[in-house]
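Given next are the chains, with one letter for each unit.
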Amino acid sequence: MDGDPRADATEVMARWRRVERRTAHDPGSGLRLPDVTDATRADADVLAAAGHPHDAVHRYTHDGALAALRDAGRTWDLPGAAAAWTAGLWSAPWTWRSALTGHLLATTLPGHAYDPYPSGSPCRVCGAAAEGALAATAEHVLRLGGGAPIDGAVPEHALALAGLADLPRPEPTEHDRWTLRAVLTVLRALPPGTRYAAARTALTRARLLDTSAPHAYGAVLEELALVGAVAPTAHPGLAVRWSDYAERDRRPSVRVEVQAPLAWWSSSDGLREDVLEHVFTGFATGDVDLDGPRPTPEPARGATVVGALPARLRALDRTGRTTAVPRSVGDGPPAVGDVWAVRVPGDRWVTCRVAATDVAGGRPYAQVEMLAGVHDAFPAAADVDLRAQPRRDGRWHAWVHSLDRTPHVRRIAQGTAAPASPLPPATGAERHPAKALAHLAGWCWPELV
């Protein structure tokens, strides 16, 4: 960690992404937590030093989560929370957007006893379970790269606000303020009758955040809806009145993936300009010229917490790993007897051998079978174990295409003998792209799933 809060947040996200590639069930919490190996021990150590251990668990009860949310949410006022939300569009980590939804939840949520659905969970009033557990570091990383908890989740909001409590509160930059107005401009310009998914697509195409991931723009839209700015009159958001979780969970059809208010909104409803004026007091919320000059972003595109993550992950993945193979292994299309290494979840590798080649639909395919052994580092030819690795129901093979053009798949040996096995050869096989091998390996090694 270098002391720059943005860089530190990116580092935590990158290290977590590496350790979460391999997880295991934790009986004590009922959660899946990272299963740290020699390859990811350094990542886990960095997380622990940053105060975010890979195996940290946050336990809560319904009443305790409500009390924690009220305490944390009431340390904010509405102008300060709106300013933090606006900064969280670009210059500050996205977790700061939890301040606005958390504050509104805390100040509107009525006192109540746990009132479960007939099935027993969650609470019909607030949506919290009677008791539960959260993977604390996973939640922290999710807030950094995903914004506020969806659906007004109470335990998640309480945990997010607790994590912000001792940090200097961000002030939105000129570019942050412009981004707020640009988001609203895109939503106001939608054709009549546009629903959630198409609105998210329009925001994604506008590239107003430092990412092109649709889920990031969907998060902004859901947060504005929970607040009440993107909401029909019949289904207002928290800035207008409290709505029980059971009310928010009612949707026009089972195909609608988001809760109210957004579930019921279309662009024909427009934006709640009164809510925008109330929540973003002191902020201009009128339209901007999306084709005109924009304020200079600070930090620059690609240098925000989320924007810098891909490059940092690539750098970490290159460190200490070699996938170089001797020239004698050759290149070109797969051939019978080739052995190929395949990177699988958990930063590990398995191997497969080509048993036959074929052409189908004008595309060359290789018939591959997994070989015994899971390797913690990129394997060399000497590491190859020429024994077939079966599934639980017998030997397995698949036809795959593009072996020689797939990332994280490398030929490491040629001209090997057929693998040994006491089982009869496999019969039949589906056809897949070679990129599916990392997933298909889970059929032969259940611990990789």
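Above this text sits the structure in question.
Just so it is clear, the structure is predicted and the values come from calculations on it, not from any experiment. (Residues numbered from 1 in each chain as written. Predicted model: local features only at pLDDT ≥ 70, side-chain atom pairs only at ≥ 80, totals over all residues. Heavy atoms only, no water.)

J.: Even after reading the chapter, I still don't get the overall build of the chain, so can you show me in this structure?
T.: Of regular secondary structure, the chain possesses 14 helices and eleven strands. For the chain, the spread of C-alpha atoms along the principal axes amounts to about 75 × 50 × 50 Å. Counting across all 449 residues of the chain, residues that qualify as buried make up 50%. Of all intrachain contacts in the chain linking residues separated by at least 6 positions in sequence, the fraction that spans at least 24 positions is 73%. When the accessible surface of the chain is summed, it comes to about 20200 Å², and 52% of that surface belongs to carbon and sulfur atoms. Positive and negative side-chain charges of the chain, numbering 48 and 51 respectively, have mean locations separated by a distance of 5 Å. (Helix = DSSP H or I, 4+ residues; strand = E, 2+ residues; numbered from the N terminus. Buried < 20%, exposed > 50% of the residue type's maximum accessible area, 1.4 Å probe, protein only. Contact = heavy atoms within 4.5 Å. Areas by Shrake-Rupley, 256 points an atom, 1.4 Å probe, with all protein chains shown as cover. Lys, Arg positive; Asp, Glu negative; His and termini not counted. Charge placed at Lys NZ, Arg CZ, Asp CG, Glu CD.)

J.: Hey, could you run me through helix H3 (residues 62-73) in this one?
T.: Working note: α-helix, 3.6 residues per turn, so residues spaced by three or four point in the same direction. Relative to the 16 Å expected for twelve residues at 1.5 Å per residue, H3 spans 16 Å between its end C-alpha atoms, a close match to the ideal helical length. What H3 keeps buried is the set His62, Ala65, Leu66, Leu69, Arg70, Ala72 and Gly73. The inward-facing, buried residues of H3 contact strand S3 (57-61), helix H5 (98-108) and helix H7 (154-164). (Expected span 1.5 Å × (residues − 1).)

J.: Quick question: what am I supposed to make of helix H4 (residues 78-87) here?
T.: Of all ten residues in H4, eight are buried; the element is thus mostly enclosed. Within H4, burial applies to Leu78, Ala81, Ala82, Ala83, Ala84, Trp85, Thr86 and Ala87. Where H4 is buried, its residues contact H5, helix H8 (174-188), helix H10 (214-227) and helix H12 (273-279). Near the N-terminus of H4, the side chain that reaches the backbone nitrogen of Gly80, with its oxygen 2.8 Å away, is that of Asp77. (Polar contact = N/O pair within 3.5 Å; in protein donor to acceptor, adjacent residues only side chain to side chain.)

J.: In this structure, what is going on with empty space enclosed by the protein? I would like to understand it.
T.: Which parts of space are left empty comes out when a probe the size of a water molecule is rolled across the atoms. The full count for this structure, using the stated rule, is three cavities of 30 Å³ or more. If you add up the space inside the largest cavity, you get close to 140 Å³. Contributing to the lining of the largest cavity are 15 residues, with Ile150, Asp151, Glu222, Glu223 and Leu226 lying nearest its centre. Of the residues in the lining of the largest cavity, the class split is ten nonpolar, two polar and three charged. The calculated volume of the second largest cavity comes to roughly 60 Å³. (1 Å grid on protein atoms, 1.4 Å probe; cavity = no way out; pocket = protein on both sides within 12 Å on 5 of 7 lines; lining within 4 Å. Points joined across faces, edges and corners; volume = space filled by probe spheres on them. Nonpolar A, V, L, I, M, F, W, Y, C, P; charged D, E, K, R; others polar.)

J.: I would appreciate a short explanation of the packing of aromatic side chains in the present structure.
T.: Applying the stated criterion across every chain yields a total of five aromatic pairs. Relative to Trp96, the ring of Trp76 has its centre 6.2 Å away and its plane inclined at 70 degrees; by these criteria the two rings are edge-to-face. Here Trp76, found in the loop between H3 and H4, pairs with Trp96, found in the loop between H4 and H5; they are 20 residues apart in sequence, far enough to count as distant. For the pair formed by Trp76 and Trp96, the shared burial category is buried. Of the aromatic side chains, those joined through ring pairs into one cluster are Trp85, Phe280 and Phe283. Between Arg169 and the ring centre of Trp76, over which it is positioned, the NZ or CZ distance is 3.5 Å. (Phe/Tyr/Trp six-rings, centres within 6.5 Å; stacked < 30°, edge-to-face > 60°. Lys NZ or Arg CZ within 6 Å of the ring centre and 35° of its normal.)

J.: Is there a simple way to think about the environment of Ala39 in this case?
T.: Turning to its location among the elements, Ala39 is positioned in the loop between strand S2 (31-34) and helix H2 (41-49). Here the alpha-carbon distance between Ala39 and Leu161, two residues 122 residues apart in the chain, equals 33 Å. Once residues within four sequence positions are removed from consideration, Ala39 is found in contact with Arg18 and Asp376.

J.: Sorry, what's going on with the nonpolar core here?
T.: In a soluble, globular protein the nonpolar side chains are often hidden away together inside. Ranked by size, the top nonpolar core spans 71 residues in total, and within it Leu100, Leu187, Leu224, Val230 and Phe280 carry the most contacts. Contributing elements (two or more residues each) for this core: H3, H4, H5, H7, H8, helix H9 (196-206), H10 and H12. Here this core gets eight residues from one element, more than from any other, and that element is H10. Excluding residues within four positions of it along the chain, Val230 makes contact with Leu187, Leu221, Leu224, Ala225, Pro261, Leu262, Trp265 and Leu271. In this structure, Val342, Leu437, Cys444 and Trp445 belong to the second largest nonpolar core, which totals 22 residues. (Core = buried A, V, L, I, M, F, W, Y, C linked by side-chain atoms within 4.5 Å.)

J.: Help me understand the layout of surface pockets, please; the structure alone is not making it clear to me.
T.: Approximately 790 Å³ is the volume found for the largest pocket. Forming the walls of the largest pocket are 35 residues, and the residues nearest its centre are Thr95, His140, Leu144, Gly163 and Leu167. Only helix H1 (5-19), helix H6 (136-146) and H7 provide two or more residues apiece to the lining of the largest pocket. Split by residue class, the lining of the largest pocket holds 19 nonpolar, eight polar and eight charged.

J.: In this structure, what is going on with the pairing of S2? I would like to understand it.
T.: As paired elements, strand S1 (residues 23-26) and S2 share four bridges and run antiparallel to each other. Among the inter-strand pairings, Ala24 is bridged to a residue of S2, identified as Leu33. What sits between S1 and S2 in their antiparallel hairpin is a turn of four residues, with Gly30 showing a positive phi close to 80 degrees. (Pairing = 2+ DSSP bridges.)

J.: Sorry if this is basic, but what is going on with the environment of Pro364 here?
T.: With respect to the helices and strands, the residue Pro364 is situated in strand S7 (residues 363-375). Measuring from C-alpha to C-alpha, the distance between Pro364 and Arg169 comes to 57 Å, with 195 residues separating the pair along the chain. When near neighbours in sequence (up to four residues on either side) are disregarded, Pro364 contacts Asp358, Val359, Val400 and His401.

J.: For this particular structure, what's the right way to read the packing of H3 against H7?
T.: Two measures define how a pair of helices packs: the angle their axes make with one another and the distance between the axes. Running from amino to carboxyl end, H3 crosses H7 at an angle of 40 degrees, the nearest separation of the two axes being 8 Å. Compared by their axis directions, H3 and H7 come out oblique. Read as a crossing pair, H3 and H7 show a hand that is left-handed. Facing Ala65, Leu66, Ala68, Leu69, Ala72 and Gly73 of H3, the residues of H7 in contact are Val154, Pro155, His157, Ala158 and Leu161. Partitioned by chemical class, the residues of the contact of H3 with H7 number nine nonpolar, two polar and no charged. (Axes fitted to C-alpha atoms, helices over the stretch in contact; angles between N-to-C directions. Parallel < 35°, antiparallel > 145°, perpendicular 65-115°, else oblique. Left-handed = near helix turned anticlockwise from the far one by under 90°.)

J.: When you look at the state of the cysteines in this model, what are you seeing that I'm missing?
T.: A disulfide bridge is the covalent bond that connects two cysteines by way of their sulfur atoms. Summed over all chains, the structure comprises zero disulfides. With no disulfide of its own, Cys123 lies 3.9 Å from the sulfur of Cys126, the closest cysteine sulfur. Under the relative-accessibility criterion, Cys123 is labelled buried at 0%. Of the cysteine sulfurs around Cys444, a residue in no disulfide, the closest is that of Cys352, at 10 Å. A residue is classified by how much of its surface remains accessible, and Cys444, at 5% relative accessible area, is buried. (Disulfide = S-S within 2.5 Å.)

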